[in-house]
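Letter by letter, the chains look like this.
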Amino acid sequence: MFTELEKTRYARQFILDQWGEETQEKLKNTTVFVAGAGGSGSPIITQLALLGVGKIRICDFDTVDLSNLNRQFLHCVSEESRLGQQKAVSAKKTVHYINPHVEVEIFQEKITADNIDEIVGDAAIIMDSVDKIETKFVLSKCAIRKNIPHLFYGMMDINSFACIFYSPKTPCFHCLYDFNKVKEMLELSKVSQKEDTKTPVCCPPVFLSAGFIMTELVKILLGIGEPAYNKFYLFLQKGNQRVIESNGYMGMRFWNSEFFDEISLNQGFDWNKGWRGNLVEELEIKPNPNCACCSSIDSEEKENDEEEDVTVNIVFKQF
């Protein structure tokens, strides 16, 4: 049931096609997990609060820094200085400011293979807003175990991307990305960090991918429309061949699995070239029959336990 204040707040949503109070009630009874309250997490957490999702579980161990505030607006929405505060704590304050009807549970710790199932809890969906590559693989495994969607989105330079992973309806994250390459990236990062420790980033691209993926969240949770399953979206707003020279794009394509490269090339998209004149690339994707995580063929034997033990410092160049 809704209070009169809630009815007034959500009145414009009630009149959307296929919405109404019953649909809003579904949102009110839903829990969403957001991994990361930084650049990608800011528009996601804000939109969840605006929509009226009943409960948001937020995990972030980092603190707010002045250099975050060119895109992490979650931490600069009031006169109170949030500098030095835990991002999870700051995010909870902002959600209460935006919509006091939304409950927030926070976790101020690093996500690991040991704690992820407990942190995600009974959430219906995982929003992947983390920058650490190895954490994305941990989120993927959790989503597969719990049989819930893992929504993947972010930016690379002024370009962005979005994809729904929801095994077995779709491929999983491991189908498209090769963890074995992460160890190679660690060696590359040691070189790149000596040259430049700053990640170039601005806010517009992440707003695009966050808006897109949040609409998909609504479709999945509420059964409105057809979710964009089995598709990978690249928003190449750089608009020229220089897209492949950006750190974000180079880092992203480096850890593509051979399977992902192959199915993309079969559709005429070459990740090594990166630009064929389209501002939006819609790639059809499918499960990798040899995937170590979601394949039903000897999946337990193929599992690489080493994956959860490696600490990788390189980030995905998106936040």
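Keep in mind that what you see is a predicted model, and the values were worked out from it rather than measured.

1. Some remarks on the nonpolar core
Line of reasoning, step 1. Membership of the largest hydrophobic core comes to 41 residues, with the highest contact counts inside it found for Val-32, Ile-44, Leu-48, Met-127, Leu-151 and Leu-217.
Line of reasoning, step 2. Breaking this core down by element, the ones donating at least two residues are strand S1 (31-35), helix H4 (41-51), strand S2 (55-59), helix H5 (87-98), strand S5 (150-156), strand S6 (159-165), helix H10 (204-222) and strand S7 (231-235).
Line of reasoning, step 3. The leading source of residues in this core is H10, at 8 residues.
Line of reasoning, step 4. Apart from the residues lying within four places of it in its own chain, the contact partners of Leu-151 are Ile-125, Ile-126, Met-127, Asp-128, Cys-163, Ile-164, Ile-213, Leu-217 and Ile-220.
Line of reasoning, step 5. Listed in part, the 32 residues of the second largest apolar core include Phe-161, Phe-165, Cys-172 and Ile-285.

2. Examining the confidence of the model for the protein chain
Line of reasoning, step 1. Here the protein chain shows a mean pLDDT of 89. Residues at 70 or above account for 87%.
Line of reasoning, step 2. Below a pLDDT of 50 lies the segment residues 297-319, which in the model reaches 67 contacts outside its immediate sequence neighbourhood of four places, other chains included.

3. As for the pattern of salt bridges
Line of reasoning, step 1. Counted under the stated rule, the structure contains 14 salt bridges.
Line of reasoning, step 2. Note that Glu-216 is salt-bridged to Lys-219, the shortest N-O span being 2.9 Å. Residue Glu-216 and its partner Lys-219 are located together in helix H10, separated by 3 residues, close to a single helical turn. For the pair shown, Glu-216 and Lys-219 are each scored as buried.
Line of reasoning, step 3. Ionic contacts of the salt-bridge type, sharing partners, join the residues Lys-55, Arg-57, Glu-103 and Glu-105 into one network.

4. Some words on the packing of H4 against H10
Line of reasoning, step 1. Packing of H4 against H10 leaves a shortest axis separation of 9 Å and a crossing angle of 40°. Judged by the inter-axis angle, H4 sits oblique to H10. Crossing of H4 against H10: the hand is right-handed. For the pair H4 and H10, the contacting residues are Pro-43, Ile-44, Gln-47, Leu-48 and Leu-51 in the first and Val-206, Ala-210, Gly-211, Ile-213, Met-214, Leu-217 and Val-218 in the second.
Line of reasoning, step 2. For the contact of H4 with H10, a count of residues per class yields 10 nonpolar, 2 polar and no charged.

5. A few points about the sheet that holds strand S8 (residues 280-284)
Line of reasoning, step 1. Pairing within the open sheet is mixed, and its 8 strands lie in the order S3-S2-S1-S4-S5-S6-S7-S8. The open sheet has two edge strands with one neighbour each: strand S3 (103-107) and S8. Here the strands of the sheet are splayed against their neighbours by 15° on average, with no regard to which way each runs.
Line of reasoning, step 2. Pairing of S5 with S6, which is carried by 7 bridges, proceeds in the antiparallel orientation. Following the sheet pairing, His-150 is matched in S6 by Phe-165.
Line of reasoning, step 3. The sheet contacts of H10 involve S1, strand S4 (126-128), S5, S6 and S7, and relative to S6 the element is tilted by about 20°.

The rules behind these values
- Residues numbered from 1 in each chain as written.
- Predicted model: local features only at pLDDT ≥ 70, side-chain atom pairs only at ≥ 80, totals over all residues.
- Heavy atoms only, no water.
- Core = buried A, V, L, I, M, F, W, Y, C linked by side-chain atoms within 4.5 Å.
- Buried < 20%, exposed > 50% of the residue type's maximum accessible area, 1.4 Å probe, protein only.
- Helix = DSSP H or I, 4+ residues; strand = E, 2+ residues; numbered from the N terminus.
- Contact = heavy atoms within 4.5 Å.
- pLDDT = per-residue confidence, 0-100.
- Salt bridge = Lys/Arg side-chain N within 4 Å of Asp/Glu carboxyl O.
- Axes fitted to C-alpha atoms, helices over the stretch in contact; angles between N-to-C directions.
- Parallel < 35°, antiparallel > 145°, perpendicular 65-115°, else oblique.
- Left-handed = near helix turned anticlockwise from the far one by under 90°.
- Nonpolar A, V, L, I, M, F, W, Y, C, P; charged D, E, K, R; others polar.
- Pairing = 2+ DSSP bridges.

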